Amino acid sequence: MSCGPAVQNRNQSRSIRWWDALSDEGFRLFFPLGAAYAALWPLLWVLAFEFDLPLAETVPPSLWHAHEMLIGAFGAALIGFLTTAAPEWTDSEPLRGWHLWALAGLWFIGRVVGLLGWDGLGLIGAIADVSWLSILLAYILQLSWRQRTDRLLSFAFWQLVLLACAAMARLGFLTGQLDLATKSIHMVGFAFLGLLGLALGRITVPVTNLILDPSEATSPFRPHPGRLHLAPGLVFVALAEEIFGLSQAVTGFLILAAGAAFMDRVAEAFIGRATFHSEILMLGGSSALAGVGLILAGCARLGAPWSDVTGLHLAFLGGLGLGVYAVYCIAGKLHTGHPLGQSWLVKTGAVFLCLSALLRIAPDFGYDSPGPFHGLATVSWSFAFLCWLVGFGPLMGRLGSQVPKTS
């Protein structure tokens, strides 16, 4: 007697090795890598290395820290997101197998150098990071050309901006031009904010409609199309002022405008009682933290009594961090065949991530925290991503049926 389809599928699923499952789609491999690095790197830098790095000589450890949080932790999230979402949006086969492992290898080489602040191997780390960024850009452009679509070109544009900024940062590292490196790392953060704005525009609408109508028979949520790309557009204007070095007043107002555009996205979260769904709160919270952070940075340029770095910390750690966490949670559910709705552990992680961002900037406003504030902020941040790893890690290495994915 032959086995039924369900039994055959179950046996087939059991026979799949975990490393094959991890390389079945980009999110399965790179989301756990990004979450693990986001949890590990700050703990080592703050608690183990005490704000120093064992092999740092020319480049200050603080610059390595900013670089690794953006290019390292958020870079892995970008690879996982685009290698999963881009094929879905273009109805094409995703990258699998050795293609993903090769990207992971290049990403990992850069992290070995950055984790220790290894100036002596800075060139190798730079080549590795520029390589995976270039390959990812080429992949998106090739997919756009092959499928004859322009749906990915906005992402390709921001990837090109990110590549240029990351390359300039590495050049500053290699040549000892620390002012260039610092400015370029700030621009890397702005490039990620541009990508965040695009991703939120693509994700929020289908996720909101799925929450409002799980049957997907209707689409009750229809945002204003004219504001879909307002946030990334104004972020690019603010980024351009960083490049051309306009006056403090002009740059302040441009950054304020970019922050206001992110705050405009927060209004999309007000959908009645469904607002309190964890996915909606995370997506809206990401826009809110990015917006408030940029507004604080803009006010600082206009003379407010705090540094613009304070606002950028909130925008990058809070806005980008919660945005990445939200993508991890939403894709982790839908792409592994599970309905939306997060566990208490994962929700707790999101709360601690927000707490981390607030703890990080609290001393800049005169609020003393009970204990070393950097340590508390770091532990909260790392705990958040550990919560995600515990909640979603087992799903990443296990294949199963999938539900329809958001487009």
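Everything numeric in this text was worked out from a predicted model, so none of it was measured.

Quick notes on the rules
Residues numbered from 1 in each chain as written. Predicted model: local features only at pLDDT ≥ 70, side-chain atom pairs only at ≥ 80, totals over all residues. Heavy atoms only, no water. Helix = DSSP H or I, 4+ residues; strand = E, 2+ residues; numbered from the N terminus. Buried < 20%, exposed > 50% of the residue type's maximum accessible area, 1.4 Å probe, protein only. Expected span 1.5 Å × (residues − 1). Contact = heavy atoms within 4.5 Å. Axes fitted to C-alpha atoms, helices over the stretch in contact; angles between N-to-C directions. Parallel < 35°, antiparallel > 145°, perpendicular 65-115°, else oblique. Left-handed = near helix turned anticlockwise from the far one by under 90°. Nonpolar A, V, L, I, M, F, W, Y, C, P; charged D, E, K, R; others polar. Salt bridge = Lys/Arg side-chain N within 4 Å of Asp/Glu carboxyl O. Phe/Tyr/Trp six-rings, centres within 6.5 Å; stacked < 30°, edge-to-face > 60°. Core = buried A, V, L, I, M, F, W, Y, C linked by side-chain atoms within 4.5 Å. pLDDT = per-residue confidence, 0-100.

So, the overall build of the protein chain
The helix and strand inventory of the protein chain stands at 14 helices and zero strands. In the protein chain, the succession of helices and strands from N to C terminus is α-α-α-α-α-α-α-α-α-α-α-α-α-α. Here the C-alpha coordinates of the protein chain stretch approximately 75 × 50 × 50 Å along the principal axes. Within the span of the protein chain, comprising 407 residues, buried residues form 53% of the whole.

Comments concerning helix 9 (residues 230-244)
The end-to-end C-alpha distance of helix 9 is 21 Å, a good match for the 21 Å that 15 residues give at a rise of 1.5 Å each. In this fold, the buried residues of helix 9 make contact with helix 7 (153-175), helix 8 (178-212), helix 10 (248-266) and helix 11 (278-301). Downstream of helix 9 by one or two residues, G245 has phi in the positive range, about 65°.

Some points on the packing of helix 8 against helix 10
Taken N-terminus to C-terminus, the directions of helix 8 and helix 10 make an angle of 25°; their axes are 11 Å apart at the nearest point. When the axes of helix 8 and helix 10 are compared, the pair comes out roughly parallel. Seen along the crossing, helix 8 lies across helix 10 with a hand that is left-handed. Residues F190, L193, L196, G197, L200 and G201 of helix 8 form the contact with helix 10, whose participating residues are I255, F262 and R265.

Some thoughts on the environment of P305
Following the sequence through the fold, P305 ends up in the loop between helix 11 and helix 12 (308-334). A relative accessible area of 74% means that P305 is categorised as exposed. Residues P305 and D364, spaced 59 residues apart in sequence, show a C-alpha to C-alpha distance of 9.3 Å.

What to know about the packing of helix 8 against helix 12
The description of two helices packed together rests on the angle between their axes and the distance between the axes. Two numbers describe how helix 8 lies on helix 12: the axes approach to 10 Å, and their chain directions differ by 40°. Classified by the interaxial angle, the pair formed by helix 8 and helix 12 is oblique. Along this stretch, helix 8 crosses helix 12, giving a crossing that reads as left-handed. Facing helix 8, whose interface residues are H186, G189, F190, F192, L193, L196, I203, V207 and L210, helix 12 presents L312, A315, F316, G319, L320, G323, V327, I330 and L334. Taken together, the residues of the contact of helix 8 with helix 12 sort by class into 14 nonpolar, four polar and no charged.

Topic: the pattern of salt bridges
Scanning the model with the defined rule gives eight salt bridges in all. Its salt-bridge partner being E68, residue R111 comes within 2.7 Å of it at the nearest N-O pair. Of this pair, R111 sits in helix 5 (residues 98-116) while E68 sits in helix 4 (residues 61-89), and the two are 43 residues apart along the sequence. In this structure R111 comes out as buried when scored by relative accessible area, which is 3%. Its salt-bridge partner being R96, residue E93 comes within 2.7 Å of it at the nearest N-O pair. Because the salt bridges share partners, they merge into one network encompassing E68, R111, D129 and R170.

A word on the environment of L386
Inspection of the secondary structure assignment puts L386 in helix 14 (residues 373-396). Residue classification places L386 among the partly exposed residues on the basis of a relative accessible area of 40%. Linking L386 and A39, residues 347 residues apart in sequence, is a C-alpha distance of 6.4 Å.

Focus: the packing of aromatic side chains
What the rule picks out here adds up to 22 aromatic pairs. Ring plane angle 65° and centroid distance 6.2 Å describe the contact between F74 and F192, whose orientation is recorded as edge-to-face. With F74 in helix 4 and F192 in helix 8, this pair connects stretches of sequence that are 118 residues apart. Residues F74 and F192 agree in their burial class; the two are buried. With centroids separated by 5.3 Å and ring planes inclined at 65°, the aromatic side chains of F157 and F236 adopt a geometry described as edge-to-face. Of this pair, F157 sits in helix 7 while F236 sits in helix 9, and the two are 79 residues apart along the sequence. Its relative accessible area of 35% is what places F236 among the partly exposed residues. By way of ring pairs, the aromatic residues F27, F31, F74, F192, Y325, Y328, W381, F385, W388 and F392 are connected into one cluster.

Some thoughts on the nonpolar core
F192, L193 and Y325 are the most contacted members of the largest nonpolar core, which has 121 residues in total. For this core, the element with the most residues is helix 8, which contributes 17 residues.

Some points on the confidence of the model for the protein chain
Any segment with low pLDDT has predicted coordinates that should not be analysed in fine detail. For the protein chain, mean pLDDT is 88; residues scoring 70 or higher make up 92% of the total. The low-confidence segment residues 1-15 (pLDDT under 50) makes two contacts with residues lying over four places distant or belonging to another chain. When the criterion is pLDDT under 50, residues 401-407 qualifies, and its contacts beyond four places in sequence or with other chains add up to 24 contacts.

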